[in-house]
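Report on the structure
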Amino acid sequence: MKTIQLKGCGTALLTPFKGAEVDYGALAATVDWQVEAGVDFLVPLGTTGETPTLSESEKLQVLEVSLQHAKGLPVMAGVGTNSLEGTRANLRLLQDADAFLVVAPYYNKPPQRGMYQYFKAVAESTEKPVILYNVPGRTSSNIEADTALALARDVPNIIGIKEASGNVEQIKAILRARPEGFVVLSGNDDQTCELMQEGADGVVSVASNVFPSAMADFVHALQAGKFAEAGRMNERLKPLFDVLFVEPSPIPAKAAMAQLGLMENSLRLPLVPATEKTEELIKQTLKDLF
């Protein structure tokens, strides 16, 4: 298995649209901007990328553009569905990715033993690294600490977890008992400072779409143990963390990127553009930051 570094600041990439079509030119420019800003890895085709609305050919081309412009940075593709065969199909389709992000099966609400068997079967379908993704606010299923730790111990290519449960005690339990080399990434920008001070390895960030250089500097300060400096950065960035979730993500992030002139404020149904109130909040937040 190829050794890759999935630590530090990773960006959960937006998928730009131009009207009804994917805007691959804007995607390429966005990835170039991320790389130049100093982020550590890229995560296309996750929740932030509106992936459930993409066709197979669009998913494949989004990954290809991301890989072509990554300049050697690791690219971890989101492949999870609520079906084992659906997830395996994505593994085959997106086989050129360096690693795979696999969300907990949504809607099905499996018990923990089902969760364990599902992730084990997914990981056994590829030789590449797999990162678990726990986001119960979207999936209605929580990957409990004991389940994550059992998978970490038992399945060699399950190398980490993106934890967006918001349950700090659960995440601390994973950090305390994880096997050596098992990566824990914050899935919430606003918890990154706290979790990295507890030993987490980085973040898969929505905010780094909008302000990649500041997010990379913030995370790198935490990695270096410069906690006082990172705390000040966290306070500066907190309004951005907050405004990007005043409506369901990625609605505010798309609005912010449009205000920065980086892509159209276009989303695919069932998502719709931000309200006028949200647009004003974003405008003020960006003005204060930049």
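Residues numbered from 1 in each chain as written. Predicted model: local features only at pLDDT ≥ 70, side-chain atom pairs only at ≥ 80, totals over all residues. Heavy atoms only, no water.

**Quick word on the pairing of strand β1 (residues 8-12)**
Summarising burial for β1: 5 of the 5 residues are buried, a large majority. Sheet topology places β1 next to strand β10 (residues 202-205); 4 bridges connect them, and they run parallel. Its bridge partner lying in β10, threonine 11 is registered against serine 205. Note that β1 and strand β4 (residues 41-43) share 3 bridges and pair parallel. Among the inter-strand pairings, threonine 11 is bridged to a residue of β4, identified as leucine 42. (Buried < 20%, exposed > 50% of the residue type's maximum accessible area, 1.4 Å probe, protein only. Helix = DSSP H or I, 4+ residues; strand = E, 2+ residues; numbered from the N terminus. Pairing = 2+ DSSP bridges.)

**A few points about the packing of helix α1 (residues 24-37) against helix α10 (residues 212-223)**
At their nearest, the axes of α1 and α10 sit 8 Å apart, and the two run at 35° to each other. Judged by the sense of rotation from one axis to the other, the crossing of α1 with α10 is right-handed. Note on element contacts: α10 touches α1 through Pro212, Ser213 and Ala216, opposite Trp33, Gln34 and Ala37. Looking at side-chain class alone, the contact of α1 with α10 contains 4 nonpolar, 2 polar and no charged residues. (Axes fitted to C-alpha atoms, helices over the stretch in contact; angles between N-to-C directions. Left-handed = near helix turned anticlockwise from the far one by under 90°. Contact = heavy atoms within 4.5 Å. Nonpolar A, V, L, I, M, F, W, Y, C, P; charged D, E, K, R; others polar.)

**Topic: the sheet that holds strand β7 (residues 130-134)**
Reading across from one edge, β4-β1-β10-β9-β8-β7-β6-β5 is the order of the 8 strands in this open sheet, with parallel pairing throughout. Of all the strands in the sheet, just β4 and β5 (76-78) have a single pairing partner and so form its edges. For this sheet, the mean inter-axis angle between neighbouring strands, taken without regard to orientation, is 25°. Contacting β6 (99-103), β7 and β8 (158-163), helix α4 (residues 112-123) runs over the sheet at an angle of about 160° to β6.

**Re α1**
Along an α-helix, residues three or four positions apart point the same way, because every turn accommodates 3.6 residues. Counted at 1.5 Å a residue, the expected span for α1 with its 14 residues is 20 Å, and the 20 Å between its end C-alpha atoms agrees. Listed as buried for α1 are Ala26, Leu27, Ala28, Thr30, Val31, Asp32, Gln34, Val35 and Ala37. Against β1, β4, α2 (56-69), α9 (207-210), α10 and α12 (251-259) lie the buried residues of α1. Where α1 terminates, the next one or two residues include glycine 38, which has phi positive at roughly 100°. (Expected span 1.5 Å × (residues − 1).)

**A look at the pattern of salt bridges**
Applying the stated rule across the entire model yields 9 salt bridges. Measuring nitrogen to oxygen at the nearest pair gives 2.8 Å for the salt bridge that ties lysine 120 to glutamate 124. A relative accessible area of 54% places glutamate 124 in the exposed class. The shortest N-O distance in the salt bridge between aspartate 201 and arginine 178 comes to 2.7 Å. Placement of aspartate 201 in the loop between α8 (192-197) and β10 and of arginine 178 in the loop between α7 (168-177) and β9 (183-186) is noted, with a sequence separation of 23 residues between them. Aspartate 201 gets classed as buried once you look at its relative accessible area, which sits at 13%. (Salt bridge = Lys/Arg side-chain N within 4 Å of Asp/Glu carboxyl O.)

**A short note on the environment of aspartate 189**
Position of aspartate 189 among the secondary structure elements: in the loop between β9 and α8. When the C-alpha atoms of aspartate 189 and serine 208 are compared, they prove to be 9.0 Å apart, with 19 residues separating the residues in sequence. In this view, aspartate 189 contacts Val203, Ser205, Val206, Ala207, Met215 and Phe241; residues no more than four positions away in its chain are not counted. Here alanine 207 takes part through its backbone nitrogen, which lies 3.0 Å from a polar atom of the side chain of aspartate 189. (Polar contact = N/O pair within 3.5 Å; in protein donor to acceptor, adjacent residues only side chain to side chain.)

**Let's talk about the packing of helix α6 (residues 145-154) against α7**
Contact pair α6 / α7: the axes reach a minimum separation of 9 Å and the direction vectors enclose 30°. Classified by the angle their axes make, α6 and α7 are roughly parallel. Read as a crossing pair, α6 and α7 show a hand that is right-handed. Side by side, α6 and α7 meet where Ala145, Ala148 and Leu149 of the first sit next to Gln170, Ala173, Ile174 and Ala177 of the second. When the residues that make up the contact of α6 with α7 are grouped by side-chain class, the tally is 6 nonpolar, 1 polar and no charged. (Parallel < 35°, antiparallel > 145°, perpendicular 65-115°, else oblique.)

**Notes on the layout of surface pockets**
Summary: where empty space remains is shown by rolling a probe the size of a single water molecule over the atoms. In this structure, the largest pocket occupies an estimated 610 Å³ of space. Gly46, Thr47, Thr51, Pro52 and Tyr106 are, among the 26 residues lining the largest pocket, the residues nearest its centre. Looking at the lining of the largest pocket, the elements that each hand over two or more residues are β6 and α5 (136-139). In terms of residues, the lining of the largest pocket owes the most to one element, β6, which gives 3 residues. (1 Å grid on protein atoms, 1.4 Å probe; cavity = no way out; pocket = protein on both sides within 12 Å on 5 of 7 lines; lining within 4 Å. Points joined across faces, edges and corners; volume = space filled by probe spheres on them.)

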